[in-house]
Amino acid sequence: QQPVQSPQAVILREGEDAVINCSSSKALYSVHWYRQKHGEAPVFLMILLKGGEQKGHDKISASFNEKKQQSSLYLTASQLSYSGTYFCGTSSGGYNKLIFGAGTRLAVHP
Amino acid sequence: EAGVTQSPTHLIKTRGQQATLRCSPISGHTSVYWYQQALGLGLQFLLWYDEGEERNRGNFPPRFSGRQFPNYSSELNVNALELEDSALYLCASSLLGETYGYTFGSGTRLTVV
């Protein structure tokens, strides 16, 4: 079943923060986050495994709440280069397929 | 290191024809995934191959099929094309296992007229 992402779209000024949420009705083993710029392929950002860990690089981090079957992506001090559509992909384990949410469109303006 | 390559970049077919899309994974990656991205929509899972075997299949009709070759490259075949098959078809590859992210190719834009 497709995970639900919220919000559907976000508009930010450079330097502002944003949070994108991803929730599933199924028990999750892993959550992936990808960013896709217009006309380009999705690019892998990070993967979180069950255990409630938090990951991050640069000013983008994510958390995974296994009990709530939710993950959140945190974008801090946004830059123009952060613009794009963010997808979460979830897997229930057992080498199961990755199912993607509908995406969150993020636009960062000067 | 070469990324995931897909060919052709664009493909125009007539309704009822067959389309063949190709994908070469990153060297060393054994898993290949196919996704359909219709205009403005998210990524819909089509097929997953690993070591030449079909591991999982999405909710698509049987006219969507594919295979993986001994060199781990893959092709996606779509028979009896319908107008609603028009979409960007993305291929991704990864190492087998839950801890690895996917590397996507740039896709094949299929247009059915």
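Before reading on, note that the structure itself is shown above.
The following paragraphs examine the structure supplied in this document. Remember, it's a predicted structure, so these values are computed and weren't measured experimentally. (Residues numbered from 1 in each chain as written. Chains lettered and ligands numbered in written order. Predicted model: local features only at pLDDT ≥ 70, side-chain atom pairs only at ≥ 80, totals over all residues. Heavy atoms only, no water.)

## Details of the overall build of chain B
Condition: Every helix listed is a DSSP run of H or I at least four residues long, and every strand listed is a run of E at least two residues long, numbered separately from the N terminus. In this description the radius of gyration comes from C-alpha coordinates, and the expected globular size is given by 2.2 Å times residues to the power 0.38. Buried, partly exposed and exposed residues are distinguished by accessible area as a fraction of the type maximum, computed with a 1.4 Å probe on protein chains only: under 20%, between the cut-offs, and over 50%, respectively. Per-residue and other accessible areas follow the Shrake-Rupley method at a 1.4 Å probe size, with only the shown protein chains counted as cover for residues.
A count of helices and strands for chain B gives zero helices and eleven strands. Scanning chain B from its N terminus toward the C terminus, one meets helices and strands in the order β-β-β-β-β-β-β-β-β-β-β. Computed over the C-alpha atoms, the radius of gyration of chain B is 13 Å, within 12% of the 13 Å expected from 2.2 N^0.38 for a compact globule of 113 residues. If one aligns the C-alpha atoms of chain B with their principal axes, the spans along those axes are about 40 × 25 × 25 Å. When each of the 113 residues of chain B is scored for burial, the buried share is 50%. Of the accessible surface of chain B, which amounts to about 5300 Å², a share of 49% is contributed by carbon and sulfur atoms.

## Re the interface of chain A and chain B
Put simply, an interface is often sized by how much accessible area is lost when its parts join up. Defined as follows: Whether two residues are in contact is decided by their heavy atoms, any of which lying within 4.5 Å being enough. Once two parts are brought into contact, the accessible area they lose, counted with a 1.4 Å probe and summed over both, makes up the buried area. Any Lys or Arg side-chain nitrogen located within 4 Å of an Asp or Glu carboxyl oxygen qualifies as a salt bridge. Any pair of N or O atoms that falls within 3.5 Å is considered a polar contact. Within protein, one atom must be able to donate a hydrogen and the other to accept it, and sequence-neighbouring residues count only if both atoms are side-chain atoms.
Contact residues are listed per partner, giving 23 residues for chain A and 19 residues for chain B. Between chain A and chain B, roughly 1700 Å² of surface is buried when both sides are summed, and carbon and sulfur atoms account for 62% of that area. For the interface between chain A and chain B, the tally reads zero salt bridges. For the pair chain A and chain B, the interface holds three residue pairs in polar contact (both at pLDDT 80 or more).

## Digging into the pairing of strand β8 (residues 70-75) of chain A
All names here are of chain A. For the record, the criterion: Two strands qualify as a pair provided that DSSP identifies no fewer than 2 bridges between them.
Note that strand β3 (residues 18-23) and β8 share six bridges and pair antiparallel. Within the sheet, the bridge partner assigned to Ser23 lies in β8 and is Gln70. Note that strand β7 (residues 60-65) and β8 share six bridges and pair antiparallel. Directly across from Asn65, in β8, lies its bridge partner Gln70. Turn length for the β7-β8 hairpin, with the two strands adjacent in sequence and antiparallel, is four residues, and the turn residue Gln69 shows positive phi of about 55 degrees.

## A short note on the environment of Val10(A)
All names here are of chain A. Secondary-structure assignment places Val10 in strand β2 (residues 9-13). Residue Val10 is classed as buried on the basis of its relative accessible area, which comes to 14%. Between the C-alpha atom of Val10 and that of Cys88, which follows or precedes it by 78 residues, the distance is 15 Å. Other than its neighbours up to four places away in sequence, Val10 contacts Ala18, Thr104, Arg105, Leu106 and Ala107.

## Focus on the sheet that holds strand β8 (residues 74-78) of chain B
Residue and element names in this part refer to chain B. Formally: Lines fitted to C-alpha atoms define the axes, with helix axes restricted to the stretch in contact, and inter-axis angles between N-to-C directions lie between 0 and 180 degrees.
Across the sheet, four strands lie side by side as β1-β3-β8-β7; this open sheet has antiparallel pairing. Strand pairing shows two members of the sheet lacking a second neighbour, β1 (5-7) and β7 (64-68), which therefore form its edges. Direction aside, the axes of adjacent strands within the sheet are offset by 15 degrees on average.

## Observations concerning the pattern of salt bridges
Residues and elements named next belong to chain B. Applying the stated criterion to the full structure yields four salt bridges over all chains. The partner of Arg63 in a salt bridge is Glu82, with the nearest N and O atoms 3.4 Å apart. With Arg63 in the loop between β6 (53-57) and β7 and Glu82 in the loop between β8 and β9 (87-94), this residue pair connects regions lying 19 residues apart in the sequence. Using a relative accessible area of 15% as the deciding quantity, one classes Arg63 as buried.

## Some words on the packing of aromatic side chains
Applied cut-off: Pairing of aromatic rings covers Phe, Tyr and the six-membered ring of Trp, with a centre-to-centre limit of 6.5 Å; geometry is then stacked below 30 degrees between planes, edge-to-face above 60, and tilted otherwise.
Here the structure, examined in full by the defined rule, presents twelve aromatic pairs over all chains. Ring geometry for Tyr35(B) and Phe45(B): centres 5.6 Å apart, planes at 65 degrees, overall edge-to-face. Here the residue Tyr35(B) occupies a position in strand β4 (residues 31-37), and Phe45(B) occupies one in strand β5 (residues 44-50), the gap between them amounting to ten residues. An identical accessibility class is assigned to Tyr35(B) and Phe45(B); each is buried. Clustering of aromatic rings is evident, with ring pairs tying together Tyr34(A), Phe44(A), Phe100(A), Tyr33(B), Tyr35(B), Phe45(B), Trp48(B), Tyr102(B) and Phe104(B).

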